[in-house]
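Okay, here's what each chain looks like letter by letter:
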Amino acid sequence: MIRRLDSNLTSIRSMDVSNNGKQLALGGSVTWLYASEDLAIEIWNLEDYTRTNTLKNFSRQFYDLQFDSTGNYLITTGGPNRGVQSWSLPEFSNHHIIRGHFSWLGGEVKHISLDTTSSCAVIVERVRGTTGGDDIMLLNMENGQTDTFPRMSIETTYVQFLSDDKSILSTHSDGSIRLWDIHSFEELDSHSVSNTKN
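The shown structure was predicted, so the numbers you read here are calculated from the model rather than taken from an experiment.

Here we take up a nonpolar patch on the surface. A cluster of nonpolar side chains, L169, I177 and V193, forms an exposed patch at the surface whose accessible area comes to about 210 Å². Tracing the backbone shows L169 in strand β14 (residues 167–172).

Here is the structure:
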């Protein structure tokens, strides 16, 4: 049976389900009269399809979100400080900034993927006003330290940790998919997706 969630969000831009399948996080916007917009995150209980909490009244978009391995924390990117934040659930208390974006150029963290232990993440950081592509970084979730993969001259559209916690996949605006080793930071393989129709 398909259930419909009575969400207050008029536009949903990001989503994640906790590892145990019991929680759903939705990130998006609520549009009011005169086209004014609030940006918000909703947490849902998937056992009884009730909304447990809402984090709202933000003027800057959360680009990506992901539950940690325990389901007790939600990790977000973008938002007020344009970086990476951790929120304890379900109350959204104990807000902790793991990585703020300190560039005067106004860049921001777009995408994130956690490893299976949530001790490490791969992020995509976009720096406005610079030539070239985005920075793909390995982020230590405990101390906020980063290591950077070789920068490319194209936009990175998505990143994903593989289940072995030793490698990541990245996709790019030129249609390429690349496999990286997180220890050597070397590109192991790449493929291009053809847009040609037969």
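That shown, we press on.
It is worth spelling out the layout of surface pockets at this point. Counted as a void, the largest pocket has a volume near 190 Å³. Each residue belonging to the lining of the largest pocket can be placed in one class, and the counts come to five nonpolar, eight polar and four charged.

Further remarks concern the nonpolar core. By size, the foremost hydrophobic cluster in this structure holds 14 residues, and its most contacted members are I136, L138, F149, F161 and I168. For this core, the secondary structure elements donating two or more residues are β10 (120–126), β11 (135–140) and β13 (156–161). Other than its neighbours up to four places away in sequence, F149 contacts I136, M137, L138, I168, W180, D181, I182 and F185. Listed in part, the 13 residues of the second largest apolar core include A25, F62, F67 and L89.

So, on to the side chain of T76. Within the secondary structure, T76 sits in strand β6 (residues 73–78). Relative accessible area serves as the criterion here: at 0%, T76 is assigned to the buried category. A polar atom in the side chain of T76 sits 2.6 Å from the side chain of Q85. Separated by 3.0 Å, the side chains of T76 and W87 make a polar contact. Sequence-distant contacts of T76, defined by excluding residues within four places in its chain, comprise I41, F62, D64, L65, G83, V84, Q85 and W87.

All right, on to the sheet that holds strand β5 (residues 62–67) then. Within the open sheet, the four strands sit side by side as β5-β6-β7-β8. Their pairing is antiparallel. Taken across any chain shown, the strands that pair with only one partner, and hence form the sheet edges, are β5 and β8 (93–99). Here the strands of the sheet are splayed against their neighbours by 25° on average, with no regard to which way each runs. Taken together, the five bridges between β5 and β6 define a ladder with antiparallel strand orientation. Bridge assignment links F67 to a residue of β6, and that residue is L74.

With that out of the way, let us pick up the side chain of T156. With respect to the helices and strands, the residue T156 is situated in strand β13. Beyond its immediate chain neighbours, meaning those up to four positions away, T156 contacts H111, V124, R126, D134, I136, S170, T171 and H172.

Another aspect to go through is the confidence of the model for the protein. Of all residues in the protein, 88% have pLDDT values of 70 or greater, and the mean over the chain is 86. For the protein, per-element mean pLDDT is lowest for β8, which scores 82, and highest for strand β15 (residues 176–181), which scores 96.

Taken in spatial order, the four strands of this open sheet run β9-β10-β11-β12, and their pairing is antiparallel. Both outer strands of the open sheet, β9 (108–114) and β12 (146–148), are each paired with one neighbouring strand and no more. For this sheet, the mean angle separating the axes of adjacent strands, direction not counted, is 30°. Bridge count for β11 against β12 is three bridges, and the pairing is antiparallel. Bridging from a neighbouring strand, M137 pairs with T148 of β12.

Here is what the cut-offs are and how they apply
- Residues numbered from 1 in each chain as written.
- Predicted model: local features only at pLDDT ≥ 70, side-chain atom pairs only at ≥ 80, totals over all residues.
- Heavy atoms only, no water.
- Patch = residues over 30% accessible without salt bridge, like charges linked within 9 Å, V, L, I, M, F, W, Y side chains within 5 Å.
- Areas by Shrake-Rupley, 256 points an atom, 1.4 Å probe, with all protein chains shown as cover.
- Salt bridge = Lys/Arg side-chain N within 4 Å of Asp/Glu carboxyl O.
- Helix = DSSP H or I, 4+ residues; strand = E, 2+ residues; numbered from the N terminus.
- 1 Å grid on protein atoms, 1.4 Å probe; cavity = no way out; pocket = protein on both sides within 12 Å on 5 of 7 lines; lining within 4 Å.
- Points joined across faces, edges and corners; volume = space filled by probe spheres on them.
- Nonpolar A, V, L, I, M, F, W, Y, C, P; charged D, E, K, R; others polar.
- Core = buried A, V, L, I, M, F, W, Y, C linked by side-chain atoms within 4.5 Å.
- Buried < 20%, exposed > 50% of the residue type's maximum accessible area, 1.4 Å probe, protein only.
- Contact = heavy atoms within 4.5 Å.
- Polar contact = N/O pair within 3.5 Å; in protein donor to acceptor, adjacent residues only side chain to side chain.
- Pairing = 2+ DSSP bridges.
- Axes fitted to C-alpha atoms, helices over the stretch in contact; angles between N-to-C directions.
- pLDDT = per-residue confidence, 0-100.

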